[in-house]
Each structure stands twice: as C-alpha cells, then as structure tokens.
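These are the residues of each chain, in order.
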Amino acid sequence: MTDDWNDYADGWDGNSDVRLFAAKAFSALYSHAGVSGEAWQSKRVLDFGCGTGLLTELIAPHVKEVIAVDTSDRMIAVLKDKNLPNVTPVHADILGGAAAGDKDRLSGFDLICASSVCGFLPDYAAAVKLLSGLLQRGGQFVQWDWQGQDSGEFGLTEQQMRAALEAAGLGSIRVKQVFALDTGGQSMPVLMGLGTRNADRP
Ligand SMILES: C[S@@+](CC[C@H](N)C(=O)[O-])C[C@H]1O[C@@H](n2cnc3c(N)ncnc32)[C@H](O)[C@@H]1O
C-alpha cells in the first residue's frame, strides 16, 4: 500500500469495486437529491476529490457543468484524457486555499459531491465547512464514505458525519447507510451524508 493517490491512477478505472462504488453512489444521489430533469440542466456541480471522474461521468449528462477537482495530478490526467464535453478537470488544492484565488470557477455550486474522499482527510470537519461555503444558497453537499466504528480509525461514523454537517451550518441534514460492498469477503457499509446551505447563511 502507498499513501500517494497518484500511484493508483493508472489502474483506478480497471478496479470493479471502485466502479461499483461510483455507480451505487450515483444511484443514491438520484434517489435522494434528484439530479435529473430539466431543472438540473442549468446546475453547476463540484466533484471534490474526483479521482479519474467515475462519478463525474455519471452526473455530467444531467447538469450544465461539472468542475472535477483533485490534488492528484495523475488522477486528473486520466480524467482529462476522457475529454468529457461539459467537464472541467482541475488539479488544485481547494482545502489549501485554491478556491480563494479562482472564485469564478470554484464557487457558487448547486451541488458538491465528495465520493470516498472525506474519510481520508486529516481534518474532515474543517473541509466540510470550507466546501459548504462554495455552495450557492440552497445548494447541496453530498458525501459517501465507508462507515467506521466508534473505536476505529477507518471510515466515518454516523455521529461524526452528522456533527460535521451541523458544524458547517448546513440544514436539512440526512445521514444514512445507502449501500454496502463486499470486499475481501466482508460486507462494508457506506454512509451518505447530505445537507443544504441555508438560504439565510451569509
Ligand atoms: C478513494 S479516491 C476516490 C476518487 C473518486 N471520488 C472515486 O470515487 O472514484 C480519493 C480521492 O481523493 C483525492 N483527494 C485526497 N485528498 C484531497 C484533497 N484535499 N483535495 C482534493 N482531492 C483529494 C485523492 O487524490 C483521490 O483521488
């Protein structure tokens, strides 16, 4: 194992588990947040920690544009090679301040997705707070992460997710297990967390 996401980029799309994760995340997004129909055709979406864009590819046909951001230049290179028409792949560190210098592109989103990203961040709660500030009023933040145990270091618990979404000032919060994947002979549950930027937040 390596800690560098660049090392996974070339084989990422060939991994059936990560493809299945993206497909199930999209299906949950579809059921719980909509993402279909004429109203969505004008929406701007940020896929935060997009990797090679497996979720981006599924969302893009339903919306105006997807800005797909990742700190791994090799993941972004794989996505760029796909030449998706309404997708802008961006190699940037939003949590390190990139959005402040690129406000036109990296703010005002109707939907921000983070699929299997938040649980790997050193300060997950701070990340949700920062990302929530990039939403339009009424915009939605949605994340999917492996469900963790209270005692464990892997994944996020329902409580952690709910607390971070609340601390970010989001409203209409929902946290629930939406699917499970069999990996290594074990069924691993995945949580979806969803919140909306209140219209009255400054
Ligand atoms: C498990 S992969 C998930 C990739 C993609 N969302 C998917 O479902 O296929 C985690 C991704 O998060 C990215 N990542 C980690 N920290 C990040 C950060 N601070 N900002 C943006 N992306 C980050 C990694 O580079 C990696 O591509």
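Scroll up to find the structure this text is about.
These notes cover the structure that comes with them. (Residues numbered from 1 in each chain as written. Predicted model: local features only at pLDDT ≥ 70, side-chain atom pairs only at ≥ 80, totals over all residues. Heavy atoms only, no water.)

1. Things to note about the site of the ligand
Then comes step 1: Close to the ligand lie 16 residues, the nearest being W12, G49, D70, S115 and S116.
Then comes step 2: The contact in question runs from an oxygen atom of the ligand to an N or O atom on the side chain of D70, over 2.5 Å.
Then comes step 3: Between S115 and the ligand, the recorded distance is 2.8 Å, taken from a backbone N or O atom to a nitrogen atom.
Then comes step 4: About the coverage of the ligand: the protein hides 93% of its 590 Å² of free accessible area.
Then comes step 5: A majority-of-atoms criterion places the ligand in the largest pocket.
Then comes step 6: Across the shell around the ligand, the residue classes tally to nine nonpolar, six polar and one charged. (Near = heavy atom within 4 Å. Polar contact = N/O pair within 3.5 Å; in protein donor to acceptor, adjacent residues only side chain to side chain. Areas by Shrake-Rupley, 256 points an atom, 1.4 Å probe, with all protein chains shown as cover. 1 Å grid on protein atoms, 1.4 Å probe; cavity = no way out; pocket = protein on both sides within 12 Å on 5 of 7 lines; lining within 4 Å. Sits in = over half its atoms within 2 Å of the grid points. Nonpolar A, V, L, I, M, F, W, Y, C, P; charged D, E, K, R; others polar.)

2. Things to note about helix α6 (residues 158-167)
Then comes step 1: Regarding α6, the residues found buried are M161, A164 and L165. For α6, the buried positions fall inside an angular range of 95 degrees around the axis, keeping them on one side.
Then comes step 2: On its buried face, α6 sits against α5 (124-132), β5 (135-146), β6 (170-183) and β7 (186-197).
Then comes step 3: At the C-terminal side of α6, G169 shows a positive phi close to 80 degrees. (Buried < 20%, exposed > 50% of the residue type's maximum accessible area, 1.4 Å probe, protein only. Helix = DSSP H or I, 4+ residues; strand = E, 2+ residues; numbered from the N terminus. Arc of directions from axis to C-beta. Contact = heavy atoms within 4.5 Å.)

3. As for the pattern of salt bridges
Then comes step 1: A complete count under the given rule lists five salt bridges for this structure.
Then comes step 2: One network of salt bridges, in which partners are shared, links D13, E57 and K82. (Salt bridge = Lys/Arg side-chain N within 4 Å of Asp/Glu carboxyl O.)

4. Structural notes on the packing of aromatic side chains
Then comes step 1: Per the stated rule, a full pass over the model turns up seven aromatic pairs.
Then comes step 2: A ring pair is formed by F21 and W146, whose centres lie 5.2 Å apart and whose planes are at 70 degrees; its orientation type is edge-to-face. Placement of the pair is F21 in helix α2 (residues 16-33) and W146 in strand β5, with a sequence separation of 125 residues. In terms of burial, F21 and W146 fall into one category: buried.
Then comes step 3: Ring pairing ties together the aromatic residues W5, Y8, W12 and F120, which thus form one cluster.
Then comes step 4: The ring centre of W40 lies 5.7 Å from the NZ or CZ of K43, which sits over that ring. (Phe/Tyr/Trp six-rings, centres within 6.5 Å; stacked < 30°, edge-to-face > 60°. Lys NZ or Arg CZ within 6 Å of the ring centre and 35° of its normal.)

5. Structural notes on the sheet that holds β6
Then comes step 1: Pairing in this open sheet of seven strands is mixed, and the strands run β3-β2-β1-β4-β5-β7-β6 from one edge to the other. In the strand order of this sheet, the two ends are held by β3 (87-91) and β6, each with one partner. Along the sheet, successive strands turn relative to each other by an average axial angle of 15 degrees, direction set aside.
Then comes step 2: Here strand β4 (residues 109-115) runs beside β5; their pairing, made up of six bridges, is parallel. By the bridge assignment, S115 is partnered in β5 with W144.
Then comes step 3: Its contacts with the sheet put α5 on β1 (44-48), β4, β5, β6 and β7, and the angle it makes with β5 is roughly 150 degrees.
Then comes step 4: Across the sheet, α6 lies against β5, β6 and β7, angled at about 150 degrees from β6, the strand it touches most. (Pairing = 2+ DSSP bridges. Axes fitted to C-alpha atoms, helices over the stretch in contact; angles between N-to-C directions.)

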